[in-house]
Structures are given as structure tokens and as C-alpha cells.
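What follows is each chain in one-letter form.
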Amino acid sequence: MSKREAFIEKLREIAVSTPTEIIEVPDKVEGFGTVVYESQTCSACKKCMDVCEVDALDIQLTLNLPEYLAATIPEDGFRSKNREALVFLLQHLKQNGEVQAISVPTGLPGYGSISWVQDKCIACNKCVEICPENCLTLEKQYDLQAVIGEVVSPPVVEVKEWEPFIICFVCWECSHAAADLAGLMHLHYPANIRTIRVPCSGAVEPIHIMTAMQNGADGVLVTGCLFDECHYGGDDELAGNFMQYDFVQFWKQVFEGIGLGGRLHIDFASAAMGIKFTEIVTEFVQQIEELGPSPLRGKLEVEE
Ligand code: SF4
Ligand code: SF4
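Not measured: the values here are computed from a predicted model.

1. Considerations on the site of ligand 2
Thinking step 1. The local shell around ligand 2 holds 14 residues, among which C42, C45, K46, C48 and C131 are the closest.
Thinking step 2. Taken together, the residues of the shell around ligand 2 break down into 10 nonpolar, 1 polar and 3 charged.

2. Considering the pattern of salt bridges
If charged atoms from side chains of opposite charge come close, those side chains can pair.
Thinking step 1. Under the defined criterion, the tally for this structure stands at 7 salt bridges.
Thinking step 2. One salt bridge connects D119 with R12, and the closest N-O pair in it is separated by 3.3 Å. Taken together, the residues span a long stretch of sequence, with D119 in the loop between β6 (113-116) and α5 (126-130) and R12 in helix α1 (residues 3-14) at a distance of 107 residues.
Thinking step 3. Here E133 makes a salt bridge to R79, at a shortest N to O gap of 3.0 Å. Of this pair, E133 sits in the loop between α5 and β7 (136-139) while R79 is found in the loop between α3 (65-70) and α4 (81-93), placing the two residues 54 residues apart along the sequence.
Thinking step 4. A relative accessible area of 62% places R79 in the exposed class.

3. Overview of the environment of G112
Thinking step 1. For G112, the location among the structural elements is in the loop between β5 (102-103) and β6.
Thinking step 2. Judged by its relative accessible area of 3%, G112 is buried.
Thinking step 3. Sequence separation of G112 and T62 is 50 residues, and the distance between their C-alpha atoms is 5.1 Å.
Thinking step 4. Not counting the four nearest positions on each side in its chain, G112 is found in contact with Y37, C42, A44, I59, Q60, T62, L63 and V104.

4. What about the domain arrangement of the protein chain?
Thinking step 1. Segmenting the protein chain into domains produces domain 1 (34-139) and domain 2 (166-303).
Thinking step 2. The C-alpha-based centres of domain 1 and domain 2 are spaced at 44 Å.

5. Section: the site of ligand 1
Thinking step 1. Surveying the vicinity of ligand 1 reveals the residues V35, C52, V54, A56, L57, W116, C121, I122, A123, C124, N125 and C127.
Thinking step 2. Grouping the constituent residues of the shell around ligand 1 by class yields 11 nonpolar, 1 polar and no charged.

6. With respect to the sheet that holds strand β11 (residues 219-224)
Sheets are built from strands paired through backbone hydrogen bonds, the pairs being either parallel or antiparallel.
Thinking step 1. Pairing in this open sheet of 4 strands is parallel, and the strands run β10-β9-β11-β12 from one edge to the other. Each edge of the sheet is formed by a strand with only one pairing partner; in this case those strands are β10 (193-198) and β12 (264-268). Neighbour-to-neighbour, the strand axes of this sheet turn through a mean angle of 20°, independent of strand direction.
Thinking step 2. Contacting β9 (166-171), β10 and β11, helix α7 (residues 174-184) runs over the sheet at an angle of about 115° to β9.
Thinking step 3. Each of β9, β10, β11 and β12 touches helix α10 (residues 274-291); the most contacted strand, β11, lies at about 160° to it.

7. Observations regarding the side chain of T34
Thinking step 1. Its place among the elements puts T34 in strand β2 (residues 34-37).
Thinking step 2. At 2.7 Å, the side chain of T34 and the backbone oxygen of Q141 are in polar contact.

8. Concerning the packing of α1 against helix α8 (residues 206-214)
Thinking step 1. Axis separation between α1 and α8 bottoms out at 10 Å; the angle between their running directions is 30°. As far as their axial angle goes, α8 and α1 are roughly parallel. Considering only the axes of α1 and α8, their crossing is left-handed. Of the residues in α8, those in contact with A6, F7, K10, L11, E13 and I14 of α1 are P206, I207, M210, T211 and Q214.
Thinking step 2. When grouped by side-chain class, the residues that make up the contact of α1 with α8 number 7 nonpolar, 2 polar and 2 charged.

9. A word on the nonpolar core
Thinking step 1. Formed by 38 residues in total, the largest nonpolar core has its most connected members in L11, Y142, F250, W251, F255 and I258.
Thinking step 2. Those elements that provide at least two residues to this core are α1, α6 (144-148), β9, α8, β11, α9 (240-257) and β12.
Thinking step 3. It is α9 that contributes the most residues to this core, 6 residues altogether.
Thinking step 4. The residues contacting F250, other than those within four sequence positions of it, are I23, E24, V25, P26, V29, F32 and Y142.

Definitions and limits used
Residues numbered from 1 in each chain as written. Chains lettered and ligands numbered in written order. Predicted model: local features only at pLDDT ≥ 70, side-chain atom pairs only at ≥ 80, totals over all residues. Heavy atoms only, no water. Near = heavy atom within 4 Å. Nonpolar A, V, L, I, M, F, W, Y, C, P; charged D, E, K, R; others polar. Salt bridge = Lys/Arg side-chain N within 4 Å of Asp/Glu carboxyl O. Helix = DSSP H or I, 4+ residues; strand = E, 2+ residues; numbered from the N terminus. Buried < 20%, exposed > 50% of the residue type's maximum accessible area, 1.4 Å probe, protein only. Contact = heavy atoms within 4.5 Å. Domains from an automatic or database assignment. Pairing = 2+ DSSP bridges. Axes fitted to C-alpha atoms, helices over the stretch in contact; angles between N-to-C directions. Polar contact = N/O pair within 3.5 Å; in protein donor to acceptor, adjacent residues only side chain to side chain. Parallel < 35°, antiparallel > 145°, perpendicular 65-115°, else oblique. Left-handed = near helix turned anticlockwise from the far one by under 90°. Core = buried A, V, L, I, M, F, W, Y, C linked by side-chain atoms within 4.5 Å.

Shown next as C-alpha cells:
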């Protein structure tokens, strides 16, 4: 199973409601996007398919006539004058009534429609770069519903004497030291968190966050060094904590979409900030207390 397949399977396993919104993908988050295809100028050269390493593109031997008829020919025309003439003629010949895609006779080169599978696409942009006709663009949007499909909401399970259970990923540079300092200062924060040390907040992957939820966490907290102080990048915009911040903003939207909204948070503290670390944990625990037990418990119980 590929990493992408494992990721989507895990998403389906933890989803408790069907997403309805298209998610905006932050600039720094790579690997997620939507390939938009304009068929009117496509010469069916298949270069995009050849360059795609995950088989996310295929060619259908059909001409999408509705798209041809809706096309606007730019002032300087299409690159392919034959294609431009075809679109022009079709628009002139259009009769009233609905128009459908038509089959392309086998052996007729130059015509066909590219189809794209979001499940497989890793948004590498290679197809966009190679297309000689500029038919493809990669938009920073993600249609979660298209990926995970319809979700049956699980029953609400009654949990007696519930206390939030929270997994907190701490980087072993600053935020772990901040947690230690909080202990040394005898600062009290709720005992509901279990800390997991990671080399850098940027090392926390979506699969780790999802697995924590699947293993009974009511919320996941990621903590790292202050901005500009990441031990693996400093003030570089690609430093681990900068990258993880954007990633968590994306993942918060994903969690919102699948019915786990408000259960993921990222924050930062330096090694000297025991008090700040205590505040971060206390506020997140309060947030989870207000939300109640994870609705994923119902789904997991039904599946057992
Ligand atoms: S963006 Fe990359 S993975 Fe997605 S369809 Fe294009 S080549 Fe394939
Ligand atoms: S989308 Fe571009 S690269 Fe792909 S078949 Fe059409 S013209 Fe060729």
C-alpha cells in the first residue's frame, strides 16, 4: 500500500461526518491540490499521463462537446489553429437541445479527454509543467468529500466519568524543556495529557495525528519552538515549526470536515517558558472539555 493509500484509508477510518466544504490548502502545504483540466485545447498527447508517477491520469476516448461549445476563444486564438477551427465550427453548428460527449473513433489521434483521480494525486505539478497546450492547472484546493465519500455518523456512546485524554507531541528541543521546567516550577496543569517527544514539531506527520485519535485521544496538541527559533531551520520560512504551523492549519480544516473540529491545536514555547507551556495545555484541555468525548469513540465501538 502506498503512503497516499494508507493516508486515505486512515482518514476514512477516523471520519465521523461527511465533509461538505472544499478545503483551501495553505501555500506551504504540498501534496494536496486539485488538477483542473480544460479539454478544449487538449491534443490528447498523453504527455501528462507519462509523467504522472502515481497513475492519477487516464485518457477517455470521448470529446466533451458541452465544454467545446462553452469555450471562449481568446483574442489571439488557440495555439492549435485546427482545434480553434473545430471549436468555432461546432459553436456555429450547434443545434438547440442538450449536447453530450461523443466517442472518438479508435485510431484517430489528437482527440480525447483526460480524467483525473484525486485519491491518487500527490499534487506534484509535473503534469501541469509538461502539458504543451496549457490545459492543466493545479489549484490549492482539496475536495475531501471526493476522497473519502459519504460517511455514516456513528452513534453517540455514553461515557461515564469522562476525563479528556490528550496526546501532546513535544519537540525535544524547546517545548519538552518548557514542560520539564513547568514541572520543576511545580506549576500545575491538567494531568490529562500524555507527551510524546519528537525531534522537531515539523516531524509530526498526519498519520501520527490520526493514529492518536484512533487510539482514543479526544484531542491532539503539537508544541514546538518559538517562531524564528526552530533548531532545524531558525528563521527560514521552511523551518520545521513554520511548516508544521501551516500544516496544522490545513489539518484543522480536515478535522472540521470529518466531524472532529476543535480537536487539534499547535502552539509554541521556548525552553524558558514553563508558565506559557502550562497555559497552552490548560487552555487546550478546557477546549476539549467543552467539546466532550471524541465522537470517534462511537465509531470505534461499532467496528469492534
Ligand atoms: S499533479 Fe502530479 S500526481 Fe497529480 S495528476 Fe499531475 S502528475 Fe499526477
Ligand atoms: S492535458 Fe496536455 S499533456 Fe495531457 S494529453 Fe492533453 S495536451 Fe497532452
